[in-house]
Amino acid sequence: MRGVALLVIWIGGLVVPLLRWSGLDAEDAAFFGSIMEVGVLMFAAGLIGGSQLSERFYRQAVRSQAAVEEAPDSAGYPW
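Anyway, here's the lowdown on the structure attached to this text. Keep in mind the model is a prediction, meaning the values are calculated, not measured.

## Focus on the pattern of salt bridges
Pairing between side chains of opposite charge can happen when the charged atoms of each approach one another.
1) Next: Following the criterion strictly, the structure yields 1 salt bridge and no others.
2) Next: When the shortest N-O distance is used, the salt bridge between R59 and E55 registers 2.7 Å. Linking R59 with E55, this pair stays in helix α3 (residues 26–70), spanning 4 residues, or about one helical turn.
3) Next: Taking relative accessible area as the criterion, R59 reaches 47% and is therefore assigned partly exposed.
4) Next: Owing to a relative accessible area of 26%, E55 belongs among the partly exposed residues under this scheme.

The rules behind each value
Residues numbered from 1 in each chain as written. Predicted model: local features only at pLDDT ≥ 70, side-chain atom pairs only at ≥ 80, totals over all residues. Heavy atoms only, no water. Salt bridge = Lys/Arg side-chain N within 4 Å of Asp/Glu carboxyl O. Helix = DSSP H or I, 4+ residues; strand = E, 2+ residues; numbered from the N terminus. Buried < 20%, exposed > 50% of the residue type's maximum accessible area, 1.4 Å probe, protein only.

Right, here's the structure in full:
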C-alpha cells in the first residue's frame, strides 16, 4: 500500500507540468494545480495512515491469538 501511495505522490508531481502544457492561463493553472496537489497529497497520506493502522491491528491480533494459545487452561474445558 505504501508503494501505491508513493506512486500517487509521483503522479501528483506531474499535475503542474500537465496544467502548464494544457494552455490554461498561468493564474488558472496555479489555482487548479494547488488544489490538485493538496488533494493528491491528502489521498496519499490517507493511504499511508491506513496502511500503518491495519498493520498495527494485525500485529495486535497476532499477539492476542498467541497469548490465548499459550495460556494454560485450568479446568481443561474450552468453555
